[in-house]
Amino acid sequence: SDIIKSAQLAIQSALPPDCYQICQVHDEIIIECPTELAPQVSSLVKTCMEETITLNTPLVVNPQICSNWSDAK
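Residues numbered from 1 in each chain as written. Predicted model: local features only at pLDDT ≥ 70, side-chain atom pairs only at ≥ 80, totals over all residues. Heavy atoms only, no water.

## Concerning the overall build of the chain
Piece 1. Summing up its helical and strand segments, the chain has two helices and two strands in all.
Piece 2. Listed by position from the N terminus, the elements making up the chain come as α-β-β-α.
Piece 3. Over its C-alpha atoms the chain spans a radius of gyration of 12 Å, differing by no more than 12% from the 11 Å that the globule rule assigns to 73 residues.
Piece 4. Projected onto its principal axes, the C-alpha coordinates of the chain cover approximately 35 × 25 × 20 Å. (Helix = DSSP H or I, 4+ residues; strand = E, 2+ residues; numbered from the N terminus. Rg over C-alpha atoms; globule rule 2.2 N^0.38 Å.)

This is how it looks when you write it as structure tokens:
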């Protein structure tokens, strides 16, 4: 839980205007943003989540860009 909270804080400070963290479920963070910013925000979220804490085993993040949450599954 400490890792995901640290990632959320890093993401929040790095998000461009008009982008919002909607919710967090287990190891997922749902972000709402304009379509044209989605690739940039996806890359930013991946970096923040993978680099928020240093571990012996690296964390691997697989972001998805979807128009709604049900499409992500």
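## Some points on the nonpolar core
Piece 1. Among the nonpolar cores identified, the biggest contains 13 residues, and Ile11, Leu15, Val41, Leu44, Val45 and Met49 are the most heavily contacted of them.
Piece 2. Residue assignment for this core shows that the elements contributing at least two residues are helix 1 (2-14) and helix 2 (38-51).
Piece 3. With five residues, helix 2 is the largest single contributor of residues to this core.
Piece 4. Among residues more than four places away in sequence, those in contact with Leu15 are Tyr20, Gln21, Ile31, Val41 and Leu44. (Core = buried A, V, L, I, M, F, W, Y, C linked by side-chain atoms within 4.5 Å. Buried < 20%, exposed > 50% of the residue type's maximum accessible area, 1.4 Å probe, protein only. Contact = heavy atoms within 4.5 Å.)

## Digging into the pattern of salt bridges
Piece 1. Following the criterion strictly, the structure yields one salt bridge and no others.
Piece 2. For Glu50, the salt bridge goes to Lys46, with nearest N and O atoms at 2.7 Å. Here Glu50 pairs with Lys46, and both are found in helix 2, just four residues apart, close to one helical turn. (Salt bridge = Lys/Arg side-chain N within 4 Å of Asp/Glu carboxyl O.)

## Comments concerning the environment of Ile53
Piece 1. Following the sequence through the fold, Ile53 ends up in the segment after helix 2.
Piece 2. Given the relative accessible area of 37%, Ile53 is considered partly exposed.

## Let's talk about unusual backbone geometry
Piece 1. Look at Asp18: it is not a glycine, yet its phi comes out positive at around 70°.
Piece 2. Positionally, Asp18 belongs in the loop between helix 1 and strand 1 (20-25).
Piece 3. The residue His26 is not glycine, and still its phi comes out positive at about 55°.
Piece 4. If you trace the backbone, His26 turns up in the loop between strand 1 and strand 2 (28-32).
Piece 5. Residue His26 is classed as exposed on the basis of its relative accessible area, which comes to 70%.

## Digging into the side chain of Ser42
Piece 1. Turning to its location among the elements, Ser42 is positioned in helix 2.
Piece 2. Given a relative accessible area of 14%, Ser42 falls into the buried group.
Piece 3. Discounting residues that sit within four places of it in the chain, Ser42 has contacts with Pro63 and Ile65.

By themselves, these are just geometric observations and shouldn't be taken as functional.
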